[in-house]
Amino acid sequence: MRILIVEDEEKLADIIARSLKAEGFAVDVAGDGAQGLELAIAYAYDVIILDIMLPRLSGTEVLEAIRQKNRQVPILMLTARDAVADKVKHLSAGADDYLTKPFAFLELLVRVRALLRRAPVQQRADTITVADMEIDRLSRQVKRAGRRIDLSAKEYALMEYLALNAGRVLSRNMIIEHVWDQSFEGLTNIVDVYIRQLRGKIDDGYDLKLIKTMRGAGYVLNDEAG
Ligand code: CA
């Protein structure tokens, strides 16, 4: 999970960054709005923590620019102000959550984790199609080449996560973070075990193998047709 912090108060940015890193997140920090926007567009962040009062570009401008670019990354706004009008304005401009300074790090962490569990808008589609595989998210049915494939609940969750991120390499930790809950303390090889099961159901007997292993990195769902 990669998080961007856009915050001009160096001490605060540093504390948040260090605390999030200690939680296992990859963290980038931008000290002003323009740099924040640049990074937000350049990289696929899982969450952006965005201060409102920033030099060069305000947090509001950065938020609007990110949404204009159709980036659906979850955005948590930070502000010293506690005005309801402000909150409404930013939420309607596309912010996903709001935190008023000063706050306890634990509260920030809870909000960030909640945002990570919430899929971006583009990931809320009812059906996902990858090559000849179709996933119906309402009935939780998976088909390949029109043939129904029965998956267990956990296999389905893993399949859906891979499909939502088709073409993107997912590390074992990312998969655990998304598919298993926070309390999971097992070995990371649980992912390999489930991938093996999933392959047996999804890929065995088909020429096109959808699930690819990226050695040392993780897994990726092949999104190239044919
Ligand atoms: Ca500020």
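Just above sits the structure.
Small disclaimer: the values here were computed from a predicted structure and weren't measured.

Trainee: Please set out the environment of Ile 176 residue by residue, giving values where relevant.
Mentor: Looking at the secondary structure, you find Ile 176 in helix 7 (residues 172-179). Along the sequence, Ile 176 and Val 191 sit 15 residues apart, while their C-alpha atoms lie 7.1 Å from each other.

Trainee: Kindly report on the nonpolar core, identifying the contributing residues and their values.
Mentor: Of all hydrophobic cores here, the largest spans 27 residues; its most connected members are Met 133, Met 159, Leu 162, Ile 175 and Leu 221. Those elements giving two or more residues to this core turn out to be strand 6 (127-130), strand 7 (133-136), helix 6 (153-164), helix 7, helix 8 (189-202) and strand 11 (218-221). Broken down by element, this core gets its largest block of residues, six residues, from helix 6. Formed by 20 residues, the second largest nonpolar core is a distinct cluster that contains Leu 39, Tyr 45, Ile 52 and Val 73.

Trainee: I'd like a description of the packing of aromatic side chains, backed by residues and values.
Mentor: According to the stated counting rule, one finds zero aromatic pairs in the structure shown. For the cation-ring pair, Arg 144 lies above Tyr 206, with the distance from its terminal atom to the ring centre recorded as 4.2 Å.

Trainee: Quick rundown of the packing of helix 2 (residues 33-42) against helix 3 (residues 59-68)? Include the residues and the values.
Mentor: Relative orientation of the contacting elements helix 2 and helix 3 amounts to 20 degrees, with a least axis distance of 9 Å. As far as their axial angle goes, helix 3 and helix 2 are roughly parallel. Regarding helix 2 and helix 3, the two cross each other, and that crossing is right-handed. Note on element contacts: helix 3 touches helix 2 through Val 62, Ala 65 and Ile 66, opposite Gly 33, Leu 37 and Ala 40. By residue class, the composition of the contact of helix 2 with helix 3 is five nonpolar, one polar and no charged.

The rules behind the values
Along each chain, residues carry numbers from 1 onward, in the same order as the chain's sequence is written. Per-residue local features are limited, in this predicted model, to residues with pLDDT of at least 70; the limit for side-chain atom pairs, both in listing and counting, is 80 or more; totals at the level of whole chains, interfaces and linings are taken over all residues. Only heavy atoms go into the side-chain values, all of them from the structure, while hydrogens and water stay out. The secondary structure listing takes helices from DSSP runs of H or I that are at least 4 residues long and strands from runs of E that are at least 2 residues long, numbered from the N terminus. Definition used in this section: a nonpolar core is a set of buried Ala, Val, Leu, Ile, Met, Phe, Trp, Tyr and Cys residues joined via side-chain atoms within 4.5 Å. Three exposure classes are used, based on accessible area relative to the maximum for each residue type with a 1.4 Å probe and protein chains only: buried under 20%, partly exposed in between, and exposed over 50%. Any two rings among Phe, Tyr and Trp, with Trp reduced to its six-membered ring, count as a pair given centres within 6.5 Å; such a pair is stacked if its planes are under 30 degrees apart, edge-to-face if over 60, and tilted if neither. Whether a charge lies above a ring is judged from NZ of Lys or CZ of Arg, which has to be within 6 Å of the ring centre and within 35 degrees of the ring normal. What counts as an axis is a line fitted to C-alpha atoms, over the stretch in contact for a helix, and the angles between N-to-C directions run from 0 to 180 degrees. An angle counts as roughly parallel when it lies under 35 degrees, as roughly antiparallel when it exceeds 145, as roughly perpendicular when it falls between 65 and 115, and as oblique in every other case. Handedness of a crossing follows from how the near helix is turned relative to the far one, being left-handed for an anticlockwise turn of less than a right angle and right-handed for a clockwise one. A contact between two residues is defined here by any heavy atoms of the two lying within 4.5 Å. Under the scheme applied here, ten amino acids are nonpolar (Ala, Val, Leu, Ile, Met, Phe, Trp, Tyr, Cys and Pro), four are charged (Asp, Glu, Lys and Arg), and all others, including Gly, are polar.

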